[in-house]
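Reading the structure
Listed below are the residues making up each chain.
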Amino acid sequence: MSDLGRVGIIANPVAQSGACAAVAESFADMLCQQVGQDACRLLLTEHPGHAIDMARATHDVYDTLIAIGGDGLVHEAANGLMRIPPEYRPDLAVVPVGSGNDYALTLGMSKDPQRALEQILAHDARRMDVGCVNDEYFVETLSFGIDAAIALDTVERRKKSGRHGTILYMESGIDQILNHRVANAYHAELSRADGEAPSLALAGESYVFAVQIGKTYGGHFKICPDADPQDGLFDVCIAHAPLSAARALLVFLLAKGGHHTGFDCMESHQCPSLVVEFDEAPACQADGEKVTGTHFEVTMLPRELSVLVGDYEA
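Residues numbered from 1 in each chain as written. Predicted model: local features only at pLDDT ≥ 70, side-chain atom pairs only at ≥ 80, totals over all residues. Heavy atoms only, no water.

Focus: the pattern of salt bridges
We count it as follows: Any Lys or Arg side-chain nitrogen found within 4 Å of a carboxyl oxygen on Asp or Glu counts as a salt bridge. Think of it this way: any DSSP run of H or I at least four residues long counts as a helix, any run of E at least two long counts as a strand, and we number them from the N terminus. Each residue is assigned to one of three classes by its accessible area relative to the maximum for its type, calculated with a 1.4 Å probe on protein chains only: buried under 20%, partly exposed between the two thresholds, exposed over 50%.
A complete count under the given rule lists six salt bridges for this structure. Its salt-bridge partner being Arg 115, residue Asp 311 comes within 3.5 Å of it at the nearest N-O pair. You can see Asp 311 sitting in the segment after β15 (295–308) and its partner Arg 115 sitting in helix α5 (residues 113–121), a full 196 residues away along the chain. In this structure Asp 311 comes out as exposed when scored by relative accessible area, which is 53%. Notably, a salt bridge pairs Arg 247 with Asp 264, separated by 3.5 Å at the nearest N-O pair. One end of the pair, Arg 247, is in helix α8 (residues 245–255); the other, Asp 264, is in the loop between α8 and β11 (266–271), and 17 residues separate them in sequence. A residue is classified by how much of its surface remains accessible, and Asp 264, at 70% relative accessible area, is exposed.

Structural notes on α8
Because the α-helix completes a turn every 3.6 residues, residues three or four places apart line up on one side. Stated precisely, the cut-off is as follows: To be clear, the arc concerns the directions from the helix axis to the C-beta atoms. Any two residues whose heavy atoms approach within 4.5 Å at even a single point are treated as in contact.
Taken together, the buried positions of α8 are Ala 248, Val 251, Phe 252 and Ala 255. Down the axis, α8 shows its buried residues gathered within 100° of arc, on one side only. Against the buried residues of α8 lie α6 (146–161), α7 (166–179) and β11.

Concerning the layout of surface pockets
Let me state the cut-off plainly: Buriedness for pockets is judged along seven lines, at least five of which must meet protein on both sides within 12 Å for an open set on the 1 Å grid over protein atoms alone, while cavities are sets there where a 1.4 Å probe fits but cannot get out, and lining residues have an atom within 4 Å of a point. Grid points are joined across faces, edges and corners, and a volume is the space filled by probe spheres set on the points. Ten residue types, Ala, Val, Leu, Ile, Met, Phe, Trp, Tyr, Cys and Pro, are classed as nonpolar, four, Asp, Glu, Lys and Arg, as charged, and the remainder, Gly among them, as polar.
For the largest pocket, the calculated volume is near 1,200 Å³. Together, 48 residues line the largest pocket, and Gly 72, Leu 73, Val 155, Arg 158 and Glu 289 are the ones closest to its centre. Within the residue set of the lining of the largest pocket, elements represented by two or more residues are β3 (64–69), α3 (71–81), β7 (141–145), α6, α7 and β14 (289–290). Tallied by class, residues from the lining of the largest pocket come to 14 nonpolar, 22 polar and twelve charged. Considered as a void within the structure, the second largest pocket measures approximately 320 Å³ in volume. Of the residues in the lining of the second largest pocket, the class split is seven nonpolar, four polar and six charged.

The values reported here are purely geometric and, on their own, carry no functional implication.
In structure tokens:
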């Protein structure tokens, strides 16, 4: 038996217009050839949220949990694992079969299932940070405002059109910026990175309020290009109002490569926790999944999850 031990594989069979089912079955066959038929089991989700229950049930059953899918499935798997006591929590691995795959990018995981298998079999486990917002966990991104609206709208466009990839995020982004640009009034308290008091108080109107563990969101937009998923700190990026449509569009396009941070409308911070409150409920997403509310308490759990990585650069 490999270092992976007993392996559970979770996949969403209807993801990517059904393509994920074939990838998962092929991957499971390849993995079983390496670790043995008795050491590997494929588990297929049946409804939204099912992966949370499946991952939570891995307690004392599996040593490694592999999520085959996009960021949404990874988000559910992580939420299930984080509800298991740390000493019984399996390692998490990711095989990217989705549209955004931002967490897989952070981990350096290949989109090629054969190469991803090789990376997983190498069993390079790292302790990765996990965020928690109002009792919901996230592993890559939490954001409020137009970027969240874009992410959620992209999901709907994908469902309606069957198309995939960053181009959908670009299309939605241009539409939101030109036609639905809304600034959200907020008050925030950011704890100090050095642990000293008092906290940093912020207030204003933002188009974007992003709280990152990894560098990217929305299909590899580098919103926080210096974020480190092992440093125990959130990277916070805020885009302040006012912004003309033309300038907002320029910032959006430059964010693809992480070249937006020098604009005077942008503000950046690092912190281990924060509380942010909005006058009205903003669009909000965690790892691409919808979150609702006006009051958000966000806490960092440093290196809380053991994750298998590929071509990861610490």
